[in-house]
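The residues making up each chain are set out below.
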Amino acid sequence: MAHIILVTGGARSGKSDYAQQQAEALSGPRCFVATCSVHDNEMIERIERHRKARKEADWHTIEEPYELEKVFSVDKGYKTYLVDCLTLWISNIYEKSSQQGAVLEEDDIEKHVRKLFRMIREKNFTVLLVTNEVGMGIVPENAIARKYRDLVGRCNRVCAQLANEVVLVSVGLPLRLK
């Protein structure tokens, strides 16, 4: 049975660095699962910085912006997976559904998350899931941003319920919540 660790925190809080350090402390082959979709040059630069940070530690990378459960559908021989990040995954799903004229609801996100956990739970490896804590700031002024915040909030809540461990990283310091 998989061991699942949810790592959350604010933007630039150190959550990705923390998750990477934890993953690299584990033995065996590891896989970085990138959920980012490239939309501009700044994002290309961010991705390159992340790749350089993993280069020395012999990471394999899989890019999957929409269907994370497919990454875990077949055993690829990795002992550790680091998914960075669920926040972008939700953004991608939200954007895709909007482009298709569909309305994405919190219950839909919960179904996606539960499906992902069903795929992961059956395996014998460690998975670190990174996500932003988006509910501690001000209420966004527009409906799209509020909807997105609510979708990410539901995702995070369900993940925290289902994960074996939950760590909040704030100002670079990890705090174990579960």
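Relevant structure appears above.
So, a few notes on the structure that sits alongside this text. (Residues numbered from 1 in each chain as written. Predicted model: local features only at pLDDT ≥ 70, side-chain atom pairs only at ≥ 80, totals over all residues. Heavy atoms only, no water.)

**Some details on the side chain of Glu69**
Inclusion rule: Helix and strand labels come from DSSP, where a helix needs a run of H or I of at least four residues and a strand needs a run of E of at least two; each type is numbered from the N terminus. Here, residues are in contact when the closest pair of their heavy atoms is within 4.5 Å.
Its place among the elements puts Glu69 in helix 3 (residues 68–71). When near neighbours in sequence (up to four residues on either side) are disregarded, Glu69 contacts Lys115, Leu116 and Met119.

**Some remarks on the packing of helix 4 (residues 86–99) against helix 5 (residues 106–121)**
Under the convention used in this document: As a rule, the C-alpha atoms of each element are fitted with a line to give its axis, helices using only the stretch in contact, and angles between N-to-C directions run from 0 to 180 degrees. Angle categories are assigned with fixed cut-offs, so that under 35 degrees is roughly parallel, over 145 is roughly antiparallel, 65 to 115 is roughly perpendicular, and the rest are oblique. Crossing chirality is assigned from the near helix's rotation relative to the far helix, an anticlockwise turn below a right angle marking it left-handed and a clockwise turn marking it right-handed.
Running from amino to carboxyl end, helix 4 crosses helix 5 at an angle of 130°, the nearest separation of the two axes being 12 Å. Classed by the angle they form, the pair helix 4 and helix 5 counts as oblique. Two packed elements cross with a definite hand, and for helix 4 against helix 5 that hand is right-handed. Here Trp89, Ile90 and Ile93 of helix 4 lie close against helix 5, whose contacting residues are Ile109, His112, Val113 and Leu116.

**Let's talk about the packing of aromatic side chains**
For any pair of aromatic rings, geometry is given as the distance between the ring centres together with the angle between the planes. Filter applied, for reference: Pairing of aromatic side chains requires ring centres within 6.5 Å, counting the rings of Phe and Tyr and the six-membered ring of Trp. Pairs whose planes differ by under 30 degrees are stacked, by over 60 edge-to-face, and all others tilted. Relative accessibility decides the category of a residue: with a 1.4 Å probe and only protein chains considered, values under 20% of the type maximum give buried, values over 50% give exposed, and everything between is partly exposed. Whether a charge lies above a ring is judged from NZ of Lys or CZ of Arg, which has to be within 6 Å of the ring centre and within 35 degrees of the ring normal.
Under the definition given, this model contains five aromatic pairs. Their ring planes at 65° and their centres at 4.8 Å tell us that Phe72 and Tyr81 sit as a pair that is edge-to-face. Each member of the pair, Phe72 as well as Tyr81, carries the same accessibility label: buried. Ring plane angle 80° and centroid distance 5.5 Å describe the contact between Tyr78 and Tyr81, whose orientation is recorded as edge-to-face. According to the relative accessible area criterion, Tyr78 is buried, its value standing at 14%. Among the aromatic residues, ring-to-ring pairing joins Phe72, Tyr78, Tyr81 and Phe125 into one connected group. Its end group placed over the ring of Trp59, Arg30 keeps NZ or CZ at 5.5 Å from the ring centre. The lysine or arginine in question, Lys96, covers the ring of Tyr66, its NZ or CZ lying 4.5 Å from the ring centre.

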